[in-house]
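For reference, the chains in residue letters:
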Amino acid sequence: MSHLFDKPRIRISGDRAVLVEYGDAIEPAVNEKVRAMAALLKKGLPDGIDAVIPAYRNLSLIYDPLVTSPEKLLSLLQGLEARLHEIEIPAPRIVEIPVLYGGEFGPDIEVVAQHNGLTVEEVIAIHAATDYPIYMIGFTPGFCYLGGLDRRIHAPRRKTPRTLLPGGSVGIAEAQTGMYPVDSPGGWQIIGRTPLRLFAPERENPFLYEAGDRIRFMPVTGEEYKRIRAKEGS
Amino acid sequence: MVVLRVISPGSFTTVQDRGRYSFIDRGVPPSGALDLFAYGIANLLVGNPAGTAVLEITMMGPALEVLGEADVALAGADMAVTVNRQPVPMWETVRVKKGDVIRIRQAKSGCRSYLAVTGGIDVPIVMGSRATCVKAKIGGVEGRPLRKDDVLARFPGELLAKPRTLPANFIPAYSPDIALRAVAGPQEEAFRSGLEIFFGSIYEVTPEADRMGCRLQGPPVHHDEGFPQSIISEPTVPGNVQLPADGQPIILLVEQTTGGYTKIATVISTDLSKIAQSVPGNQVRFQEVTLAEAHRLCRTQALLLRQIEAQLSTNR
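Just so you know, these numbers come straight off a predicted model, no measurement behind them.

Calculation notes
Residues numbered from 1 in each chain as written. Chains lettered and ligands numbered in written order. Predicted model: local features only at pLDDT ≥ 70, side-chain atom pairs only at ≥ 80, totals over all residues. Domains from an automatic or database assignment. Contact = placed C-beta atoms within 7 Å. Nonpolar A, V, L, I, M, F, W, Y, C, P; charged D, E, K, R; others polar. Helix = DSSP H or I, 4+ residues; strand = E, 2+ residues; numbered from the N terminus. Expected span 1.5 Å × (residues − 1). Buried ≥ 20, exposed ≤ 12 C-beta atoms within 10 Å, placed from the backbone. Pairing = 2+ DSSP bridges. Axes fitted to C-alpha atoms, helices over the stretch in contact; angles between N-to-C directions.

A. Region of the structure containing the domain arrangement of chain B. All names here are of chain B. Looking at the assigned domains, one finds that chain B contains domain 1 (2-170) and domain 2 (177-299). Of note, the centres of domain 1 and domain 2, computed from C-alpha atoms alone, are 28 Å apart. Contacts between domain 1 and domain 2 engage 18 residues on the former and eleven residues on the latter. Taken together, the residues of the side of domain 1 that touches domain 2 break down into ten nonpolar, five polar and three charged.

Written as structure tokens, this is what we have:
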């Protein structure tokens, strides 16, 4: 059964934003619709729209009420709907993220293994076998909400969150997996760390990915980790 | 050109401008001045264009040594200001010269004030803005609050021939009883019974209030039966009022981009300044307004700012 709405539903989020909902579940078809609409909007950003933020099943439009209104935005979106067939959603880019699993950088990998009756090697093999779609980015700069974690490596959050996780930490919480791009507190089970800088504000493009791309985790050795880390700088 | 050296930084002083809106879809919060009204006035008082970077001062102000002549103006929370130990007024242009010492004391009412200098604070633009985002460690001075011995530069700009004063009738009063106008939504349907409690009760501002959000305490507002407490995470905006499981409202502000709690209502943009100026212990009431009314208030506010600008810039 599809959770895609026939018609988008508009929710008012204050006097400068609307949420446009295309479905009510975390589902590829719904998210693809969101991405298609976001891509169409961004092709030629209409006057009065300050930001377009795609999420799992809706997109947020931040607008200037002195220039436009929710009514105008809704009719604009309906107009774009008719042109949806014109836009070719680009095939998702695969973004490879090298990860040094386990050891000092992945202190909770054995918890995940034991919880699921697997060996550490099996956890790594399963985690690195999927291309994870990025449904949304938020919480901290570059933090991805990823779909598609294999049931065999789900694991509960830590009872006590860590006060500081180093940027680059890769973790699992319930049915989610993800990476912490910047140092932050967090309660996820940490299984590894990437040597890549996931948020590099001084670069022209500070991020390696956007919503809609797919993340592929690539196991690396300690040596490879060091080599990539040295190249990345601080 | 260098303009200020930090003798003592105050409790939390950051460089802010109108904020960073181009990377919200990558999880970078907008940041920016929390009280956009006081921020805008501070810039007008020294003749800066809208959007110029200033210092946002929180609760306890800094002491600053002046390294080069400039016009400065302080607008916002009522803080006693002295230059070389002589009191100087807020909401007014003050000429300072090399060797002067500006001291900004604890707020007597309100919470945040804005110190503008001729030309604006000269820090690099990072991802489209000079605003400090401490969480992402970007903008302002190395992405952090000011520290002792930081040296700030300013951009070139013309000193004013005549000082400017904001007419007293435009100076906001920061009352401990705050009325916040809000539109219902985005998830008001989850609170059919809760809306009445929410819009009919008095809440107190707790000490857990910063640029990320303002946590309130008062009569709890619970979800109607059948509505889950959390939703699929989605983008948030400043002013969204979240209700977590304990039913105590949290007003989200400018250092956050997504959230997974239901939001009963959203404070209108013109009233965000009042939250910026609230302090723990203040009493908050929410008043429901329609979206049309909120938009009318936006237009009125824009008109008011233009009127103030026209009035002030006759003193070139």
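B. Examining helix H4 (residues 291-313) of chain B more closely. Residues and elements named next belong to chain B. Along its 23 residues, H4 runs 33 Å from first to last C-alpha, staying within 8% of the 33 Å computed at 1.5 Å per residue. Considered for burial, the residues of H4 that qualify are Ala294, His295 and Leu312. In this structure, the buried side of H4 is in contact with helix H1 (36-45) and strand S11 (177-184).

C. Representation of the sheet that holds strand S12 (residues 202-209) of chain B within the structure. Residues and elements named next belong to chain B. With mixed pairing, the seven strands of this closed barrel are ordered in space as S11-S18-S15-S16-S13-S12-S19. Adjacent strand axes in the sheet meet at a mean angle of 40 degrees when their direction is disregarded. Looking at chain direction, strand S15 (residues 240-242) and strand S18 (residues 263-267) are connected through three bridges and run antiparallel. Across the sheet, residue Val241 finds its bridge partner in S18, namely Ala265.

D. Quick peek at the sheet that holds strand S2 (residues 17-23) of chain A. Residues and elements named next belong to chain A. Within the open sheet, the four strands sit side by side as S1-S2-S4-S3. Their pairing is antiparallel. The sheet is open, and its two edges are formed by strand S1 (4-12) and strand S3 (49-54), each paired on a single side. The sheet shows a mean angle of 15 degrees between the axes of neighbouring strands, direction not considered. Bridge count for S3 against strand S4 (residues 58-63) is five bridges, and the pairing is antiparallel. Directly across from Ile53, in S4, lies its bridge partner Ser60. Each of S1, S2, S3 and S4 touches helix H1 (residues 28-43); the most contacted strand, S3, lies at about 155 degrees to it.

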